[in-house]
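Chain by chain, the residues:
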Amino acid sequence: MIDSDFFFICEKISELRYERGVSARDMSLSLGQNQNYINNIENKKTLPSVPMLIYICDYLHISPAEFFSEEDCPIICNDILHTVKDLTPEQQSLILNIAKEFKKRK
């Protein structure tokens with residue numbers, strides 16, 4: 001039986017997988033596991049080991065710290081960061097100014 005304090009791990013994996021638009025089967029197979037591996041986690045039948053949780057985070061392109069963060073948008077924020085990081089300083093400044101303008105209009 002899984003302790004209720006750890007249910008959030010199962011739910012977070014499900015949420016992040018859904019945000020990435022990948023099936024549980026494809027994710028399981030990409031991680032080198034049987035096709036039901038992620039389903040078993042999401043259905044709270046099992047928890048991933050610590051090394052497997054790190055592989056899951058890597059697969060989802062987030063750090064373990066981001067996985068456990070209270071932040072609402074770890075995947076989209078991480079994607080934005082990785083995309084902007086490869087731009088020129090001028091392009092980065094433009095993106096920052098656009099984001100600030102959107103924030104003002106909230």
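Presented here is an overview of the structure given in this document. The structure displayed is predicted, hence computed values, not measured ones.

1. Notes on the state of the cysteines
- What the rule picks out here adds up to 0 disulfides.
- Left unpaired, C10 is separated from the closest cysteine sulfur, that of C57, by 13 Å.
- Residue classification places C10 among the buried residues on the basis of a relative accessible area of 0%.
- You can call C57 buried: its relative accessible area is 1%.

2. Points about the environment of L53
- Inspection of the secondary structure puts L53 in helix α4 (residues 50–59).
- When the C-alpha positions of L53 and F68 are compared, they lie 11 Å apart, and in sequence the two are 15 residues distant.
- In contact with L53, not counting residues within four places along its chain, are I9, I13, P48, F67 and F68.

Calculation criteria
- Residues numbered from 1 in each chain as written.
- Predicted model: local features only at pLDDT ≥ 70, side-chain atom pairs only at ≥ 80, totals over all residues.
- Heavy atoms only, no water.
- Disulfide = S-S within 2.5 Å.
- Buried < 20%, exposed > 50% of the residue type's maximum accessible area, 1.4 Å probe, protein only.
- Helix = DSSP H or I, 4+ residues; strand = E, 2+ residues; numbered from the N terminus.
- Contact = heavy atoms within 4.5 Å.

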